[in-house]
Amino acid sequence: MNLRNRLEKQRNILDFSLQNLIRRKGKSLFILVIFVLLVSIISSILFLTGSLTREMIKSSEQLPDITIQKIKGGRQVNIESVYLDQIERIPGIEAAEPRAWGYFYLDSLNANFTIFGFDLSLLEAEDYETILTENTKQKNLTGKSQYKMAVGPVVYEQLKKSKMQETYLFFNPDWETSLPVDIIGVFKPETELQSADLMLLQTDAARKVLELSDDEFTDIAVYIPNPEEVDNIALKIRRAFPELRTITRSQIQSTYSSVFGWKSGLVLSGLLVVILAFLVLIWDRSGGLSQEEKREIGVLKAIGWDTEMVLAVKFLESLILSSISAVLGILVAYVYIYWLRAPGLREVFIGWSTIYPSFKLVPYIDLKYLMLIVSIAIVPYSAVSIVPAWRAAITDPDEIIRHNG
Amino acid sequence: MIKTIKATKIYNQGRTNEVTALFEASVEVEKGCIAVLKGPSGSGKTTLLSLVGCQSKPNSGEIRIDGKRVSKLPDKFLNAFKRQYMGFVFQNYQLIPDLTVSDNIMLPLLPSGIVFKERIRRADELMDQFDLTKRKKFKVKNLSGGEQQRTAIARALINRGKILLADEPTAHLDSQLTDEFLKIVGRIKDMDYTILMSSHDAKVCENPLVDRVFEMKDGRIIQ
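As the structure is a computational prediction, the values presented were derived from the model and not from experiment.

Enquirer: What am I meant to see in the overall build of chain A here?
Expert: Looking only at helices and strands, chain A features 14 helices and 13 strands. A burial count over chain A gives 48% of its 405 residues as buried. Long-range contacts, defined here as pairs at least 24 residues apart, represent 80% of the contacts in chain A between residues at least 6 apart. For chain A, the exposed surface amounts to about 20700 Å²; the carbon and sulfur share of it is 59%.

Enquirer: Just checking my understanding: could you explain the nonpolar core for this structure?
Expert: Looking at soluble globular proteins, one finds that nonpolar side chains tend to be buried together. Residues and elements named next belong to chain B. If you look at the biggest cluster of nonpolar residues, it comprises 37 residues, and the most contacted ones within it are Ile105 and Met197. Taken together, the elements giving at least two residues each to this core come down to strand E3 (34-38), helix H3 (101-106), helix H4 (116-129), helix H5 (145-157), strand E7 (163-167), helix H6 (175-190), strand E8 (194-199) and helix H7 (202-205). The contact partners of Ile105, leaving out residues within four places of it in the chain, are Ala123, Leu126, Met127, Leu132, Thr151, Ala154, Arg155 and Ile158.

Enquirer: Would you mind showing me how to read the interface of chain B and chain A here?
Expert: Interfaces are often sized by the accessible area lost when the parts come together. Residue-level contacts link 33 residues of chain B with 29 residues of chain A. Around 2600 Å² of area is buried between chain B and chain A when both sides are counted, 52% of it from carbon and sulfur atoms. Taking the shortest distance from any N to any O, the salt bridge between Arg83 of chain B and Asp306 of chain A comes out at 3.6 Å. Elements with a contribution of two residues or more to the side of chain B that touches chain A: strand E1 (2-11), helix H1 (45-52), helix H2 (75-85) and H4 of chain B. A per-element tally of the side of chain B that touches chain A places H2 of chain B first, with five residues.

Enquirer: What am I meant to see in empty space enclosed by the protein here?
Expert: Rolled over the atoms, a probe with the dimensions of a water molecule shows which regions are left empty. Scanning the entire structure with this criterion turns up five cavities of 30 Å³ or more. Of the voids in this model, the second largest cavity is the one considered here, and its volume is about 100 Å³. Forming the walls of the second largest cavity are Ala302 and Ile303 of chain A together with Gly53, Gln55, Lys82, Met86, Gly87, Phe88, Pro108, Arg155, Ala156 and Asn159 of chain B. Ranked by the residues each element gives to the lining of the second largest cavity, the list is headed by strand E6 (residues 86-89) of chain B, at three residues.

Enquirer: What am I meant to see in the sheet that holds strand E5 (residues 101-106) of chain A here?
Expert: Within a sheet, adjacent strands bond to each other through the backbone by hydrogen bonds, running parallel or antiparallel. All names here are of chain A. Within the open sheet, the six strands sit side by side as E5-E6-E10-E7-E9-E8. Their pairing is mixed. Strand pairing shows two members of the sheet lacking a second neighbour, E5 and strand E8 (167-170), which therefore form its edges. Averaged over all pairs of adjacent strands, the angle between their axes in this sheet comes to 35°, without regard to strand direction. Relative to strand E10 (residues 198-202), strand E7 (residues 147-151) is paired through three bridges, and the arrangement is antiparallel. Paired with Ala150 across the strands is Leu200, a residue of E10.

Enquirer: Hey, could you run me through the side chain of Arg99 of chain A in this one?
Expert: Residue and element names in this part refer to chain A. With respect to the helices and strands, the residue Arg99 is situated in strand E4 (residues 95-99). Overall, Arg99 belongs to the buried group, its relative accessible area being 16%. In contact with Arg99, not counting residues within four places along its chain, are Pro64, Thr67, Phe116, Phe217, Thr218, Asp219 and Ala221.

Enquirer: Please explain a nonpolar patch on the surface as it appears in this structure.
Expert: On the surface, Ile324, Val327, Leu328 and Leu331 of chain A cluster together into a nonpolar patch covering about 340 Å² of accessible area. As for its placement among the helices and strands, Leu331 of chain A is situated in helix H11 (residues 307-339).

Enquirer: Honestly, the pattern of salt bridges in this entry has me stumped. Any pointers?
Expert: Opposite charge on two side chains permits them to pair, given that their charged atoms come into close proximity. Under the counting rule described, the total for this entry stands at 30 salt bridges over all chains. For Asp182 of chain A, the salt bridge identified is with Lys148 of chain A, shortest N-O distance 4.0 Å. On the criterion of sequence distance, the pair formed by Asp182 of chain A in strand E9 (residues 179-186) and Lys148 of chain A in strand E7 is long-range, its members being 34 residues apart. The buried category is assigned to Lys148 of chain A, whose relative accessible area is 13%. Measuring nitrogen to oxygen at the nearest pair gives 2.7 Å for the salt bridge that ties Glu62 of chain B to Arg64 of chain B. Exposure remark for Arg64 of chain B: the relative accessible area of 30% places this residue in the partly exposed category.

Enquirer: How should the layout of surface pockets be read in this particular structure?
Expert: Each pocket or cavity is described by its volume, and for the second largest pocket that value is around 540 Å³. In this structure, the second largest pocket is lined by 27 residues; those nearest its centre are Asp398 and Arg402 of chain A together with Tyr11, Ala21 and Thr47 of chain B. Of all the secondary structure elements, the ones that give two or more residues to the lining of the second largest pocket are helix H14 (397-404) of chain A together with E1, strand E2 (19-29) and H1 of chain B. Element by element, the count of residues in the lining of the second largest pocket is highest for H14 of chain A, at four residues. Looking at the lining of the second largest pocket residue by residue, the class counts come to four nonpolar, 14 polar and nine charged.

Enquirer: Would you explain helix H1 (residues 3-23) of chain A in this entry?
Expert: Every α-helical turn comprises 3.6 residues, leaving residues that sit three or four positions apart pointing alike. Here H1 of chain A is 21 residues long and its end C-alpha atoms lie 30 Å apart, about the 30 Å a rise of 1.5 Å per residue gives. Where H1 of chain A is concerned, the buried positions are Asn5, Glu8, Lys9, Asn12, Ile13, Phe16, Ser17, Asn20, Leu21 and Arg23 of chain A. Buried residues in H1 of chain A make contact with helix H2 (25-60), helix H10 (291-302) and H11 of chain A together with H4 of chain B. Looking at where H1 of chain A begins, the residue whose side-chain oxygen comes 3.2 Å from the main-chain nitrogen of Arg4 of chain A is Asn2 of chain A.

Enquirer: Would you mind going over unusual backbone geometry with me for this structure?
Expert: Excluding glycine, residues mostly carry a negative phi; peptide bonds, for their part, are mostly trans. Residues and elements named next belong to chain B. Even without being a glycine, Asn12 presents a positive backbone phi close to 55°. Among the structural elements, Asn12 can be located in the loop between E1 and E2. On the basis of relative accessible area, Asn12 is assigned to the partly exposed category, the value being 30%. One non-glycine residue, Arg160, lies in the positive phi region at around 55°. Position of Arg160 relative to the elements: it lies in the loop between H5 and E7.

Enquirer: What exactly am I supposed to notice about the packing of H10 of chain A against H11 of chain A here?
Expert: Packed helices, taken two at a time, are described by the angle between their axes plus the distance between the axes. Residues and elements named next belong to chain A. Between H10 and H11, the least distance of the axes is 10 Å, while the angle of their chain directions is 145°. H10 and H11 meet at a crossing whose hand is right-handed. In this structure, H10 contributes Glu293, Ile297 and Lys301 to the contact, and H11 contributes Thr307, Val310 and Lys314.

Enquirer: Help me understand the packing of aromatic side chains, please; the structure alone is not making it clear to me.
Expert: The geometry of an aromatic ring pair comes down to the distance between the two centres and the angle between the two planes. Residue and element names in this part refer to chain A. For the structure on display, the rule yields nine aromatic pairs over all chains. Between Trp101 and Tyr103, the aromatic rings sit 6.1 Å apart at their centres with planes inclined by 90°, giving edge-to-face as the arrangement. According to the relative accessible area criterion, Tyr103 is partly exposed, its value standing at 45%. The aromatic ring of Phe217 is capped on one face by Arg207, whose charged end is 4.7 Å from the ring centroid.

What counts and how
Residues numbered from 1 in each chain as written. Chains lettered and ligands numbered in written order. Predicted model: local features only at pLDDT ≥ 70, side-chain atom pairs only at ≥ 80, totals over all residues. Heavy atoms only, no water. Helix = DSSP H or I, 4+ residues; strand = E, 2+ residues; numbered from the N terminus. Buried < 20%, exposed > 50% of the residue type's maximum accessible area, 1.4 Å probe, protein only. Contact = heavy atoms within 4.5 Å. Areas by Shrake-Rupley, 256 points an atom, 1.4 Å probe, with all protein chains shown as cover. Core = buried A, V, L, I, M, F, W, Y, C linked by side-chain atoms within 4.5 Å. Buried area = accessible area lost by both parts, 1.4 Å probe. Salt bridge = Lys/Arg side-chain N within 4 Å of Asp/Glu carboxyl O. 1 Å grid on protein atoms, 1.4 Å probe; cavity = no way out; pocket = protein on both sides within 12 Å on 5 of 7 lines; lining within 4 Å. Points joined across faces, edges and corners; volume = space filled by probe spheres on them. Pairing = 2+ DSSP bridges. Axes fitted to C-alpha atoms, helices over the stretch in contact; angles between N-to-C directions. Patch = residues over 30% accessible without salt bridge, like charges linked within 9 Å, V, L, I, M, F, W, Y side chains within 5 Å. Nonpolar A, V, L, I, M, F, W, Y, C, P; charged D, E, K, R; others polar. Expected span 1.5 Å × (residues − 1). Polar contact = N/O pair within 3.5 Å; in protein donor to acceptor, adjacent residues only side chain to side chain. Left-handed = near helix turned anticlockwise from the far one by under 90°. Phe/Tyr/Trp six-rings, centres within 6.5 Å; stacked < 30°, edge-to-face > 60°. Lys NZ or Arg CZ within 6 Å of the ring centre and 35° of its normal.

Written out as structure tokens, the structure is:
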């Protein structure tokens, strides 16, 4: 057989495979729909996990090198300011900053807001440009109240509904009077995953809202110029102050990865049962081949087709069907996660508050995820289809036609 | 051209449902001749035809085609040999119902890599010869019995082999169509084919075209 004949033969195999898929529209469509569904669910979980982890890790780059908390009775308590000087004196530490943060429960919304104390006067005009939206930045810098804050977009929307988008009155039944705080800006939507429920207050105001006494803070943020020394300094702090707990940035990052990885692993392992059921179903349907398909293999062998050619046709059929399913499944997942914002799935992966970010993820598709999806879709199905075809193809045509004719 | 030497075929050998379908059958058909295997159902005609057509292998004995011991050929060479030498018309035609007449006829040419134009030319020629041109785009499942049979014959001839094997070709045909079939057989004989058929139809067995009749009973050649 010359080269031209060989090429023609390959074309014939492809043509015949496509013709078979079209001839068996019902079966092809049935498998395609189930396949697309499975691939899209798996892809959605992998895309979501990948994007969330990446976004969290990216944002965690802004975190302090070490966060120091005080532990009493196995739980975190406020940390006294006396520790500050002693920690700052440890060689290798550039700065140690006390932080005031916590949560404020708003009954009417049945939700917790995250309160964070910050010296807003430190913000330069360009900082406002970077983090706040155009229509709100600096508009209230000269507001009436003594205290000011910037809020997340979801918080702002909620406050707007209560007609408190200019000044919010913090109130607790234990307090004698309410605490008015002017809203000077709203964070940009890009920061939403972190800032959705955030209220960034001036430190004094935050201390009042969180009811911290004058010499107490929530925790201490430590900055270290040499990243090689972080673990060593954390160890020194723990040795010097056994009552303190240190959390390094890399520990937080690995927690983010494992939290989303754990959740996605749980969902994927559940799906594994569905995938297996699908494969068993295909296998069970006359060993992957209908009686008519077996008869056809017998006829093709009887008129002189080689076993390899019959298998090549069946392999191509599986490959075409599973590849189309994989591509469609991935596209459906992309639209579901990045355009429709994962309704039904996002609640599983983010937050515990009733204030959810509007959840606009930056598309992030890792090549290894794609490879995983493609191998999940193509390899098992091709194997399940090829084995029964091979069995039929190595049987005497006479026997197949007798039993299936 | 065709020679079987003490060919024996046992189905399900060693199992409780073991059947000896053919026992030490020896036949010889000369080149260019028409021979008929005659006998009642279950006499082993189809089994002998399938051994000659390389659709299965004998448990013992030999099958020789054009001097080659095909019963000993490995699968790969056997398929190439089948494409080169023979065409087979099955009892129920064994066409692919969802394919068109033209596609069914061209099926045996696909493994040879014969270019599309040549495949079409050969198929058109055969469809013209067997009065199928008007049906070329019809799916086979929509054809009459006679048309299906002619399609099966065209498929068996498209490789331009040397041997045509036909299993009970007139079993589903009425008297008029049987006459038509025999005319076609005459034309194929003129194309220098050696033909071996199985039939229990007297009209076929006693036809003057037939050079030799082998009578079979209970898996044996009795005459």
